[in-house]
Amino acid sequence: MEWEVDMRATLIALCAAVALVGALGSGAWAGDVFSYGGHYYFLTEVLNWVDAEAAAAVEGGHLVTVNDSDEHNWLVSTFTDESYWIGFHRPSGVDYLWASGEPVTFTNWVLDEPTMGEEYYVAMNQHEPGGWNDVGASWMLAGIAEVVPEPSSLLALAGGLLCLGGLVKRRA
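Participant: How would you sum up the packing of aromatic side chains? Please name residues and give values.
Facilitator: Counting across every chain of the model gives 15 aromatic pairs. Arranged with centres 6.4 Å apart and planes meeting at 75°, the rings of W85 and Y121 form a pair that is edge-to-face. Taken as a pair, W85 in strand β5 (residues 84-89) and Y121 in strand β7 (residues 121-124) lie far apart in primary sequence, 36 residues in all. Residue Y121 is classed as buried on the basis of its relative accessible area, which comes to 16%. Ring centres 5.9 Å apart and planes at 75° place the aromatic pair F106 and W132 in the edge-to-face group. Residue F106 is located in the loop between β6 (97-98) and β7, and its partner W132 is located in strand β8 (residues 132-135); the two are separated by 26 residues in the primary sequence. Across this residue pair, the class does not change: F106 and W132 are buried. An aromatic cluster is defined as three or more aromatic residues linked by ring pairs; in this entry it consists of F34, Y36, Y41, W74, F79 and Y84.

Shown next as structure tokens:
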């Protein structure tokens, strides 16, 4: 039995892989990329909240928006051992909002938080695993970035995966 490489399928698969890398930006994150619910998550470098949000934006995302307890529990089990920035902040000094602009559907403040003082940014894993605390602008933490792939990137990836089936043809 012989195997033959289909060069057209190889080119299509390579293009799909390039599209996936493009969906995640330049790759200037601080470690592994994780996937949950069709979204990608990674840590930024240790920065203040504003710079961590900017780093996530460069990669096509935002600091993480926590939509529900299932996502929160996954984040706590995936990103452990230290405090991290999340995308919750109080830009107007009045109400907390998600950097992504999504509606607030879940919170997990620790006891007596938020204090609503001069602390405008939110860190996770404060005082207890998964607990949220509002903190000041001078804090330096890694941020949990979340990237929601664009539909065109998902189509390119799906096309590349389908092409992998045609990458190698069996010749009798």
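Now, onward.
Participant: Tell me what's going on with helix α2 (residues 49-58), and back it up with residues and numbers.
Facilitator: In an α-helix, one full turn covers 3.6 residues, which means residues spaced three or four apart are oriented alike. Among the residues of α2, W49, A52, E53 and A56 are the ones counted as buried. Along the long axis of α2, the arc covered by the buried residues comes to 100°, so they all point the same way. Turning to α2, the residues buried within the fold contact β3 (39-47), β4 (62-63), β5, β7 and β9 (141-147). One side-chain oxygen of the residue at the start of α2 lies 3.2 Å from the amide nitrogen of V50, identifying that residue as N48. Phi for G60, located one or two positions after α2, is positive at around 90°.

Participant: Summarise helix α3 (residues 69-78); cite the residues concerned and give the values.
Facilitator: Among the residues of α3, those classed as buried are E71, H72, W74, L75 and V76. Where α3 is buried, its residues touch β2 (34-36), β3, β7, β8 and β9. Backbone nitrogen of D70 and a side-chain oxygen of the N-cap are separated by 3.1 Å at the start of α3; the cap is D68.

The rules behind the values
Residues numbered from 1 in each chain as written. Predicted model: local features only at pLDDT ≥ 70, side-chain atom pairs only at ≥ 80, totals over all residues. Heavy atoms only, no water. Phe/Tyr/Trp six-rings, centres within 6.5 Å; stacked < 30°, edge-to-face > 60°. Helix = DSSP H or I, 4+ residues; strand = E, 2+ residues; numbered from the N terminus. Buried < 20%, exposed > 50% of the residue type's maximum accessible area, 1.4 Å probe, protein only. Arc of directions from axis to C-beta. Contact = heavy atoms within 4.5 Å. Polar contact = N/O pair within 3.5 Å; in protein donor to acceptor, adjacent residues only side chain to side chain.

The values are spatial; any link to function lies outside them.
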